[in-house]
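Structural description and commentary
The chain contents come next:
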Protein chains: 2
Amino acid sequence: MKYVIGVDIGGTFIKAGVVSEKGDILAISQIPTKSEREFCDVMSDIANLCLRITESAGVNFSEICAIGADMPGFVNSESGVVVSGCNLGWKKQNVAEELFRLTKKPTYVLNDGKAAIYGEYKFGKYKFRSAALITLGTGVGGGIIQDGKLSPAMSNELGHTVIKANGKKCNCGRKGCLETYASATALINSAKKAAKRYPNSELLKSDIDGKSVFAAYKNGDFAAKKVVDAYIEYLAEGVANILFSLMPELVLIGGGVSLAGDALFEPLKKAVDSKVCGVALPEFEIKPTTLGNHAGLCGAAAFALDNLGGVQNNE
Amino acid sequence: MKYVIGVDIGGTFIKAGVVSEKGDILAISQIPTKSEREFCDVMSDIANLCLRITESAGVNFSEICAIGADMPGFVNSESGVVVSGCNLGWKKQNVAEELFRLTKKPTYVLNDGKAAIYGEYKFGKYKFRSAALITLGTGVGGGIIQDGKLSPAMSNELGHTVIKANGKKCNCGRKGCLETYASATALINSAKKAAKRYPNSELLKSDIDGKSVFAAYKNGDFAAKKVVDAYIEYLAEGVANILFSLMPELVLIGGGVSLAGDALFEPLKKAVDSKVCGVALPEFEIKPTTLGNHAGLCGAAAFALDNLGGVQNNE
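This write-up is about the structure you can find in this document.

**Here we look at helix α7 (residues 222-246) of chain A**
Residue and element names in this part refer to chain A.
- Across its 25 residues, α7 extends 36 Å between first and last C-alpha, which sits within 8% of the 36 Å expected from 1.5 Å per residue.
- Across the 25 residues that make up α7, a large majority, 19, are buried.
- At the exit of α7 stands methionine 247, carrying a positive phi of roughly 45°.

Have a look at this one:
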């Protein structure tokens, strides 16, 4: 059995896990990112974390074939360089080289949305050749696999495609990005506004988060229904855009909002169907991700293992 | 030297050409499509056209390795079936099988936007690994190549991605598709409206078409400037969306409107730059297509030749 370490570097936490070639996680642990520190200090912490979890997993470090790391931003998987690390604040840092220097393990890096879809591709519940992933969290992330291959793009920034020209201002500088309408942040902001407008709404009973908005929606709360209906309508535009552009057989939806389950997926499917019914699109499915929070970590591990064999974006 | 016949099936005309493996067109001819006829009558005409142009090219029909045909709509290149042929009105017609039956030549089919970018990839002026093509004609077509491979989608309907939710109604049933703002048809419709509003405009001096709108724009006509500025702004949203999603190194713009040259490309580049300047996108270029009207025909021929070798979506 081959073992790889997957490292998921987020803005707040860094998670690392020992992953078998079958996708089983033998041990997992996390540390705070504290990305305001020097880059080499973060890398040093990651190297130590890798040693610790290998011990926890009961595996000898010599048995670890490789390290795969994923992170937000534009990541050049060929050179190992994080060109632009978004909220990590990294610019042109060679993560692969630095982790190799510290651990002597061949290290491979890729964008977190790409890692998540690669994890689903290798170890998830659904078998597919072509799929797109949209993650609905603080922002909206993306990943694309076509004909068994990861998109060669440094990142698939599906959240920063404009669905409403001259719409809401986005952090990226554009106006009307999918992210400004379909992120968890956007949902919560809309709900807060609606709560002010409708003071009898159930939305005001608790702190407003994605979960509470969908709870109120399921209870038939008028204000929550307005918010969720509009949210789903915009999300459906984003999903339909991907279907028209690339015609994947599967669109996976992940991130916090996807935990709403049927309350999200049933109306979303209807909304998407109404947008594509005019044409004979190939069959497609819209499903929640199946690996939860570990998709990126597992995908990064699989990416490292597959590239180790000398094949890039391996099938 | 190997020879292939490329057949470009359009709503109005069918063009066929004998193409060498180097991309040279030895002979070319066209016939009216008259797609309202029975499917087998159209196919029979195409088979006869193939024989005639082979003779014109001074090539023996036995020297023709294969036939490659492209057409609008959703085309399953694996089965040879045109699932939905848009303005051809075809539904589930096996073009590959029928042309093989009539000519005894192995026949391969693909969507016209995909054929056009494949032609540019194999025989065009620019060398690239990843690119997207947008054609600005009656509608807006698309094609995507990533890492040297054609998108496996039956079609890349970039024209039917929504850039303005709840915007102008599109023939496809959606509202706010790129096509409703960035096609030649959209440009001409805007110019006609502007001409009514500004009766002193140069736009009224001749019949309004893409060429006359850009001619007036170059002359500094106020109404034409308003029309073209808005047109370019929307087109730039579409181009930027592709850059964020797939980060191709090259975006090719084809179709009638692309003939406007610098008057289109200079402001378009500026508009796209202003939309992507907030992030450190990889370098990209925006260029006019280089094979003109023959890109599809040449691409279909190359696609047939490359698949003949047993490799699909060959590099």
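**Brief notes about the nonpolar core**
- In terms of nonpolar packing, the biggest core is built from 123 residues, with Leu203, Ile253 and Leu264 of chain A together with Leu203 of chain B touching the most fellow members.
- Setting aside anything within four residues of it in sequence, one finds isoleucine 253 of chain A in contact with Ile134, Leu136, Val239, Ser258, Leu264, Phe265, Leu268, Ile286, Lys287, Pro288 and Thr289 of chain A.

**A short note on the interface of chain B and chain A**
- The partner chain A presents 38 residues to the 39 residues of chain B that form the contact.
- When chain B packs against chain A, close to 3,100 Å² is buried across both sides, 59% of that on carbon and sulfur atoms.
- For the interface between chain B and chain A, the tally reads 16 residue pairs in polar contact (both at pLDDT 80 or more).
- Put simply, the parts of the chain that give the side of chain B that touches chain A at least two residues each are β6 (81-84), β10 (140-146) and α7 (222-246) of chain B.
- A breakdown of the residues in the side of chain B that touches chain A according to their chemical character gives 21 nonpolar, eleven polar and seven charged.

**Things to note about the relation of the copies chain B and chain A**
- The operation relating chain B to chain A is a screw motion whose rotation component is 180°, with 0.0 Å of axial translation and a residual RMSD of 0.0 Å. In symmetry terms, the pair is related by a two-fold rotation axis.
- Both copies share a contact surface, since 97% of the interface residues of chain B are interface residues in chain A too.

**Structural notes on the sheet that holds β6 of chain B**
Residues and elements named next belong to chain B.
- Judged by pairing direction, the sheet is antiparallel, and its three strands sit side by side in the order β5-β6-β7 without closing on themselves. Because the sheet does not close on itself, it has two edges, and the strands there are β5 (74-76) and β7 (91-94). Strand-to-strand twist in this sheet, taken as the mean axis angle between neighbours without regard to direction, amounts to 20°.
- Examined bridge by bridge, β5 and β6 share three bridges and lie antiparallel to one another. Bridging from a neighbouring strand, valine 75 pairs with valine 82 of β6.
- The sheet contacts of helix α2 (residues 95-103) involve β6 and β7, and relative to β7 the element is tilted by about 30°.

**Describing the pairing of strand β1 (residues 3-9) of chain B**
Residue and element names in this part refer to chain B.
- Among the seven residues that make up β1, seven are buried, leaving the element largely enclosed by the rest of the structure.
- Neither face of β1 is exposed, since Tyr3, Ile5, Val7 and Ile9 on one face and Val4, Gly6 and Asp8 on the opposite face are all buried.
- Bridging between β1 and strand β2 (residues 13-20) involves seven bridges; their strand directions are antiparallel. Each bridged residue has a counterpart across the sheet, and for glycine 6 the counterpart in β2 is glycine 17.
- Here β1 folds back onto β2, and the loop between the two strands holds three residues.
- Taken together, the six bridges between β1 and strand β4 (residues 64-71) define a ladder with parallel strand orientation. In the sheet register, aspartate 8 faces β4, and the bridge partner there is aspartate 70.

**Quick look at the pattern of salt bridges**
- This model, assessed by the stated rule, comprises 18 salt bridges over all chains.
- Between lysine 225 of chain A and aspartate 229 of chain A there is a salt bridge, with the nearest N and O atoms lying 2.6 Å from each other. On the criterion of helical spacing, the pair formed by lysine 225 of chain A and aspartate 229 of chain A is a turn pair, its members being four residues apart in helix α7.
- Exposure remark for lysine 225 of chain A: the relative accessible area of 41% places this residue in the partly exposed category.
- Between glutamate 98 of chain B and arginine 101 of chain B there is a salt bridge, with the nearest N and O atoms lying 3.0 Å from each other. With glutamate 98 of chain B and arginine 101 of chain B both in helix α2 and three residues apart, this pair spans about one turn of that helix.
- Residue glutamate 98 of chain B is classed as buried on the basis of its relative accessible area, which comes to 14%.
- A cluster of three or more residues bridged by salt bridges with shared partners is formed by Arg174 of chain A together with Glu233, Glu237 and Lys275 of chain B.

**Let's talk about the side chain of glutamate 120 of chain A**
Residues and elements named next belong to chain A.
- Topologically, glutamate 120 is positioned in helix α3 (residues 112-123).
- Although glutamate 120 lies buried, it forms no salt bridge, and the closest oppositely charged side chain, lysine 127, sits 9.0 Å away as judged by the N-O distance.
- In this view, glutamate 120 contacts Tyr126, Phe128, Leu252, Thr289, Thr290, Leu291, Gly292 and Ala295; residues no more than four positions away in its chain are not counted.

**A look at the side chain of histidine 160 of chain B**
- Looking at where histidine 160 of chain B falls in the secondary structure, it is placed in the loop between β11 (149-150) and α4 (179-182).
- Separated by 3.4 Å, the side chains of histidine 160 of chain B and glutamate 179 of chain B make a polar contact.
- Once residues lying within four places of it in the same chain are set aside, the contact partners of histidine 160 of chain B are Asn241 and Phe244 of chain A together with Cys170, Cys172, Arg174, Cys177 and Glu179 of chain B.

**Concerning unusual backbone geometry**
All names here are of chain B.
- Phi at lysine 34 takes a positive value of approximately 45°, unusual for a residue other than glycine.
- With respect to the secondary-structure elements, lysine 34 resides in the loop between β3 (25-32) and α1 (39-56).
- The phi dihedral of methionine 247 falls on the positive side, at around 45°, and the residue is not glycine.
- Within the secondary structure layout, methionine 247 lies in the loop between α7 and β12 (250-254).

**As for helix α3 (residues 112-123) of chain B**
Residue and element names in this part refer to chain B.
- The end-to-end C-alpha separation of α3 is 16 Å, in line with the 16 Å expected for twelve residues at 1.5 Å each.
- Counted residue by residue, α3 has ten buried out of twelve residues, so it is predominantly covered.
- For α3, the set of buried residues is Gly113, Lys114, Ala115, Ala116, Ile117, Tyr118, Gly119, Glu120, Tyr121 and Phe123.
- Two or three places before glycine 113, at the opening of α3, asparagine 111 has a side-chain oxygen 2.8 Å from that residue's backbone nitrogen.

**A look at empty space enclosed by the protein**
- For the structure on display, the rule yields three cavities of 30 Å³ or more.
- The space that makes up the largest cavity amounts to roughly 250 Å³.
- Around the largest cavity, the lining is made up of 18 residues, and of these Thr161 and Ser245 of chain A together with Thr161, Asn241 and Ser245 of chain B lie nearest the centre.
- Those elements that provide at least two residues to the lining of the largest cavity are α7 of chain A together with α7 of chain B.
- Across the lining of the largest cavity, the residue classes tally to ten nonpolar, eight polar and no charged.

**What about the sheet that holds strand β8 (residues 107-111) of chain A?**
Residue and element names in this part refer to chain A.
- Overall, mixed pairing links the five strands, which are arranged β3-β2-β1-β4-β8 in an open sheet. Either end of the sheet is taken by a strand with one partner, and the two such strands are β3 (25-32) and β8. Neighbouring strand axes in the sheet, compared pairwise and without regard to direction, differ in orientation by 20° on average.
- Alignment of strand β4 (residues 64-71) against β8, held across five bridges, turns out to be parallel. Across the sheet, aspartate 70 pairs through a bridge with leucine 110, a residue of β8.
- Packing against the sheet, α3 makes contact with β2 (13-20), β4 and β8, and its axis sits at approximately 105° to β8.
- Along the sheet, helix α9 (residues 295-308) makes contact with β1 (3-9), β2, β3, β4 and β8, crossing β4 at roughly 130°.

Conventions and cut-offs
- Residues numbered from 1 in each chain as written.
- Chains lettered and ligands numbered in written order.
- Predicted model: local features only at pLDDT ≥ 70, side-chain atom pairs only at ≥ 80, totals over all residues.
- Heavy atoms only, no water.
- Helix = DSSP H or I, 4+ residues; strand = E, 2+ residues; numbered from the N terminus.
- Expected span 1.5 Å × (residues − 1).
- Buried < 20%, exposed > 50% of the residue type's maximum accessible area, 1.4 Å probe, protein only.
- Core = buried A, V, L, I, M, F, W, Y, C linked by side-chain atoms within 4.5 Å.
- Contact = heavy atoms within 4.5 Å.
- Buried area = accessible area lost by both parts, 1.4 Å probe.
- Polar contact = N/O pair within 3.5 Å; in protein donor to acceptor, adjacent residues only side chain to side chain.
- Nonpolar A, V, L, I, M, F, W, Y, C, P; charged D, E, K, R; others polar.
- Least-squares fit on C-alpha atoms with pLDDT ≥ 70 in both.
- Pairing = 2+ DSSP bridges.
- Axes fitted to C-alpha atoms, helices over the stretch in contact; angles between N-to-C directions.
- Salt bridge = Lys/Arg side-chain N within 4 Å of Asp/Glu carboxyl O.
- Lys, Arg positive; Asp, Glu negative; His and termini not counted.
- 1 Å grid on protein atoms, 1.4 Å probe; cavity = no way out; pocket = protein on both sides within 12 Å on 5 of 7 lines; lining within 4 Å.
- Points joined across faces, edges and corners; volume = space filled by probe spheres on them.

From the geometry alone we can't say anything about function, so treat these as descriptive.
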